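Commentary on secondary and tertiary structure
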Amino acid sequence: ETGVTQTPRHLVMGMTNKKSLKCEQHLGHNAMYWYKQSAKKPLELMFVYNFKEQTENNSVPSRFSPECPNSSHLFLHLHTLQPEDSALYLCASSQYRGQNTIYFGEGSWLTVV
Amino acid sequence: DAKTTQPTSMDCAEGRAANLPCNHSTISGNEYVYWYRQIHSQGPQYIIHGLKNNETNEMASLIITEDRKSSTLILPHATLRDTAVYYCIVRVVGGSEKLVFGKGTKLTVNP
């Protein structure tokens, strides 16, 4: 248990579907992150949110739409994805200041068919 | 790009110490050394971090050279459950500075 919970753990979706990944952190943090890990590739940062405001978008295609309604919740809305978007999507959180170690959730495995 | 260099893979016998090296020759004065590991199909797990002094916690020890250009993560008594990819990352602390992951070291602990 890391205090960062992701749902669903596994998701299969068609290319025309719309789905969402959810992340919730119980650590009192105020920064949240989405990372993507494709097969045999290093983790890639997608988005960073600080105090609910997006502070970084790492050139992510618009078919991925993040939402951060409060400091404890982060969503990744998915629509018209491609098979190459199949990957492990990881959420993480940290404090914004101080010894702000980043803690990860267990990830959501996404398969686009 | 990742600012660290690690061996691609290492093996260790169960019960022995696992020493994982990392080179970070371009590290800045305000950058910390972080270690994470990722067991297959799971999210990365934080292990330890340090600035310039050696650090120890319940999971591991971190030895940083005096010039801070390299470090070693030590798992004192490796078990089969320590088989994972280990990532060494340098990162500024204080804001929401991201973690930039490289390819890491695949550690295999053998019975």
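A brief structural summary.

Rules used in this analysis
Residues numbered from 1 in each chain as written. Chains lettered and ligands numbered in written order. Predicted model: local features only at pLDDT ≥ 70, side-chain atom pairs only at ≥ 80, totals over all residues. Heavy atoms only, no water. Disulfide = S-S within 2.5 Å. Helix = DSSP H or I, 4+ residues; strand = E, 2+ residues; numbered from the N terminus. Buried < 20%, exposed > 50% of the residue type's maximum accessible area, 1.4 Å probe, protein only. Pairing = 2+ DSSP bridges. Contact = heavy atoms within 4.5 Å. Buried area = accessible area lost by both parts, 1.4 Å probe. Salt bridge = Lys/Arg side-chain N within 4 Å of Asp/Glu carboxyl O. Polar contact = N/O pair within 3.5 Å; in protein donor to acceptor, adjacent residues only side chain to side chain. Nonpolar A, V, L, I, M, F, W, Y, C, P; charged D, E, K, R; others polar. Core = buried A, V, L, I, M, F, W, Y, C linked by side-chain atoms within 4.5 Å.

The next subject is the state of the cysteines. Residues and elements named next belong to chain A. In this structure the tally under the stated criterion is 2 disulfides over all chains. Each sulfur of the disulfide joining cysteine 23 and cysteine 91 lies 1.9 Å from the other. As the torsion about the S-S bond is roughly -75°, the cysteine 23-cysteine 91 disulfide counts as left-handed. Highlighted residues: cysteine 23 in strand S3 (residues 18-25) and cysteine 91 in strand S9 (residues 87-94), separated in sequence by 68 residues. The pair cysteine 23 / cysteine 91 is uniform in exposure class, with both members buried.

With that out of the way, let us pick up the pairing of strand S6 (residues 61-64) of chain B. All names here are of chain B. Pairing geometry for strand S5 (residues 55-56) and S6, over 2 bridges, is antiparallel. Bridge pairing in S6 places glutamate 55 opposite leucine 62. Between the antiparallel neighbours S5 and S6 lie 4 residues. Direction of pairing for S6 relative to strand S7 (residues 70-75): antiparallel, over a ladder of 4 bridges. Each bridged residue has a counterpart across the sheet, and for isoleucine 63 the counterpart in S7 is threonine 72. The antiparallel pairing of S6 with S7 creates a hairpin that spans 5 residues between the two strands, and arginine 68 there sits at a positive phi of about 65°.

Relative to the elements of secondary structure, valine 109 of chain B occurs in strand S9 (residues 105-110). A sequence separation of 80 residues divides valine 109 of chain B from glycine 29 of chain B, and the C-alpha atoms of the two residues are 34 Å apart.

The partner chain B presents 22 residues to the 27 residues of chain A that form the contact. Between chain A and chain B, a total of about 1800 Å² is buried, with carbon and sulfur atoms accounting for 50% of that surface. Our count for the contact surface shared by chain A and chain B stands at 0 salt bridges. Inspection of the region where chain A meets chain B yields 4 residue pairs in polar contact (both at pLDDT 80 or more). Contributions of two or more residues to the side of chain A that touches chain B are made by strand S4 (31-37), strand S5 (44-50), strand S6 (53-57), S9 and strand S10 (103-104) of chain A. Here the side of chain A that touches chain B gets 4 residues from one element, more than from any other, and that element is S4 of chain A. Looking at the side of chain A that touches chain B residue by residue, the class counts come to 14 nonpolar, 9 polar and 4 charged.

Quick look at the nonpolar core now. One broad rule of soluble globular proteins: the nonpolar side chains tend to lie buried together. Formed by 22 residues in total, the largest nonpolar core has its most connected members in Trp34, Phe64, Leu76 and Leu78 of chain A. Within the residue set of this core, elements represented by two or more residues are strand S2 (10-13), S3, S4, S5, strand S7 (64-70), strand S8 (73-79), S9 and strand S11 (108-112) of chain A.

Residue and element names in this part refer to chain A. Backbone torsion omega between threonine 7 and proline 8 reads -10°, so that peptide bond is classified as cis. Topologically, proline 8 is positioned in the loop between strand S1 (4-7) and S2. Look at lysine 52: it is not a glycine, yet its phi comes out positive at around 75°. Note that lysine 52 resides in the loop between S5 and S6. The class for lysine 52 is partly exposed, based on a relative accessible area of 42%. Notably, threonine 80 is not glycine yet its phi reads approximately 50°, a positive angle. Looking at the secondary structure, you find threonine 80 in the loop between S8 and S9.

Turning to the pattern of salt bridges, a few remarks are in order. Residues and elements named next belong to chain B. Tallied over the entire structure, the rule returns 3 salt bridges over all chains. A salt bridge links arginine 37 to aspartate 82; the nearest nitrogen and oxygen atoms lie 2.8 Å apart. Of this pair, arginine 37 sits in strand S3 (residues 31-38) while aspartate 82 is found in the loop between S7 and strand S8 (84-92), placing the two residues 45 residues apart along the sequence.

All names here are of chain A. Of note, serine 93 is situated in strand S9. Overall, the relative accessible area of 0% leaves serine 93 in the buried class. At 2.8 Å, the side chain of serine 93 and the side chain of histidine 29 are in polar contact. Beyond its immediate stretch of four places on either side in the chain, serine 93 contacts Val4, Gln25, Leu27, His29, Ala31, Met32, Tyr33, Thr101, Ile102 and Tyr103.

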